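Architecture at a glance
The primary structure of each chain is shown beneath.
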Amino acid sequence: MAAYLFEHDWDDERDRLDVLEQVFDPASRDCLGRVPLPPGGQCLEIGSGAGSIARWLCDRVGPTGRVVATDLDTGFLEALTESNLEVRRHDIVADDLETDAFDLIHARLVLEHIPQRDHVVRRLVRALRPGGWLVLEDFDWSSFVPAPGCTGGDLMATAVEALHLVFPAAGAATDFGRALPLDFRAVGLVEVGAEGRVHVGLGGTPVATWWRMTLAKLGPPMIGTGLMTGTDVDELLRACEDPGFCCLLPTLVTAWGRRPGP
Ligand SMILES: C[S@@+](CC[C@H](N)C(=O)[O-])C[C@H]1O[C@@H](n2cnc3c(N)ncnc32)[C@H](O)[C@@H]1O
């Protein structure tokens, strides 16, 4: 099974995913809303997390459509009751997957964590129906920087340095977002496009809270890099709630492309 840094059995992971949805769903819905879907569309939502996008897709395709929502751990999806939803415990790297089956395949903040991400992109193209759309959203962490002179700015700069060590050590990529559009062309998708959105993590807002919760989970491996102490991490966790804290978040790159066909 693929390595993953944010297991669902961490006590605060459900809360972290709820904040993630609150911050990032509007942009995802905006892009997904522009993808043409036939009546009764068949969708695959990979690494569904707490399931907000799977639920939204169920509404979008209506009762004659179908959404397959997968995750390594489907515990957070058990509360979903949509009649056109199939929840599937599934590892996108290794488990069986239909071919020529889906009108839309979407994954947000999943592939960047998977070491075999290039293999997964090729699998997803095969899983699309001819003419179907692939929409992947992943971070590009190059924009992740503190504002000059902000509270906790020096610690934040060190945390960013540590994160760029922790992610690759776990097989995760910090530059996958910007790679997506060319990867889509390389696997033969057409009508490829992409856009990136950056939130500003102003202390005490949900955006900064998402980073604080992510930092809380990444604290131990960051300390393991030798760049930060436990005291540093605690101080930065407090700074994220301070009105004087401000940083740019990683850029959420959304890329789309269509499998050639009717
Ligand atoms: C950062 S969370 C994002 C959740 C959701 N996509 C969202 O954006 O709200 C990544 C999710 O991908 C799942 N995941 C990680 N590796 C996976 C794999 N190999 N196959 C399927 N799901 C995976 C995790 O369990 C987690 O729920």
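One can find the structure itself at the top, above this paragraph.
For the structure given in this document, a descriptive report is provided here.

Calculation criteria
- Residues numbered from 1 in each chain as written.
- Predicted model: local features only at pLDDT ≥ 70, side-chain atom pairs only at ≥ 80, totals over all residues.
- Helix = DSSP H or I, 4+ residues; strand = E, 2+ residues; numbered from the N terminus.
- Rg over C-alpha atoms; globule rule 2.2 N^0.38 Å.
- Buried ≥ 20, exposed ≤ 12 C-beta atoms within 10 Å, placed from the backbone.
- Contact = placed C-beta atoms within 7 Å.
- Pairing = 2+ DSSP bridges.
- Right-handed = clockwise from strand over helix to strand, strands pointing away.
- Axes fitted to C-alpha atoms, helices over the stretch in contact; angles between N-to-C directions.
- Parallel < 35°, antiparallel > 145°, perpendicular 65-115°, else oblique.
- Nonpolar A, V, L, I, M, F, W, Y, C, P; charged D, E, K, R; others polar.
- Expected span 1.5 Å × (residues − 1).
- Bend = angle between axes of the 7 residues up to and from the residue.

Another aspect to go through is the overall build of the chain. When helices and strands are counted, the chain shows seven helices and ten strands. Against the globule reference of 18 Å for 262 residues, the chain gives a C-alpha radius of gyration of 18 Å, in line with a compact fold. Its C-alpha atoms put the chain at 55 × 40 × 30 Å along the principal axes. Residue burial in the chain is summarised as follows: out of 262 residues, 45% are buried. Counted over contacts in the chain with a minimum sequence separation of 6, partners at least 24 positions apart contribute 77%.

This brings us to the pairing of strand β5 (residues 128–140). Burial within β5 is extensive, with eleven of its 13 residues counted as buried. As paired elements, strand β4 (residues 102–108) and β5 share six bridges and run parallel to each other. Bridging from a neighbouring strand, Leu 104 pairs with Trp 133 of β5. In terms of handedness, the path from β4 via helix α3 (residues 117–127) over to β5 forms a crossover that is right-handed.

Our next topic: the packing of helix α6 (residues 206–224) against helix α7 (residues 230–239). The N-to-C vectors of α6 and α7 enclose an angle of 170 degrees; their axes lie 10 Å apart at closest approach. Taken together, the axis directions place α6 and α7 in an arrangement best described as roughly antiparallel. Note on element contacts: α7 touches α6 through Gly 230, Val 233, Leu 236 and Leu 237, opposite Arg 212, Leu 215, Ala 216, Gly 219, Met 222 and Ile 223. The class makeup of the residues in the contact of α6 with α7 is seven nonpolar, two polar and one charged.

Strand order across the open sheet formed by three strands is β6-β9-β8, with antiparallel pairing between neighbours. Looking along the sheet, the strands with just one partner apiece sit at the ends: β6 (145–146) and β8 (200–202). Looking at chain direction, β8 and strand β9 (residues 246–248) are connected through three bridges and run antiparallel. The residue bridging Gly 201 from the neighbouring strand is Cys 247, located in β9.

Next up on the list: the sheet that holds strand β10 (residues 251–258). Ordered in space as β3-β2-β1-β4-β5-β10-β7, the seven strands form an open sheet in which the pairing is mixed. The open sheet has two edge strands, β3 (85–89) and β7 (190–197), and neither has a second partner. For this sheet, the mean inter-axis angle between neighbouring strands, taken without regard to orientation, is 15 degrees. In terms of strand pairing, β7 meets β10 through six bridges, oriented antiparallel. By the bridge assignment, Gly 196 is partnered in β10 with Val 253. Helix α2 (residues 52–61) rests against β1 (42–46), β2 (66–71), β3 and β4 of the sheet, and its axis sits at about 170 degrees to β2.

As a further point, take α6. With 19 residues, α6 extends 27 Å from end C-alpha to end C-alpha; this agrees with the ideal 27 Å at 1.5 Å per step. The axis of α6 is deflected most strongly, by about 55 degrees, at Leu 218, and proline Pro 220 appears within four residues downstream. Regarding α6, the residues found buried are Val 207, Ala 208, Trp 210, Trp 211, Arg 212, Met 213, Leu 215, Leu 218 and Met 222. Where α6 is buried, its residues meet α1 (13–33), α4 (153–169), β8 and α7. Trailing α6 by a residue or two, Gly 226 shows a phi angle of about 85 degrees, which is positive.

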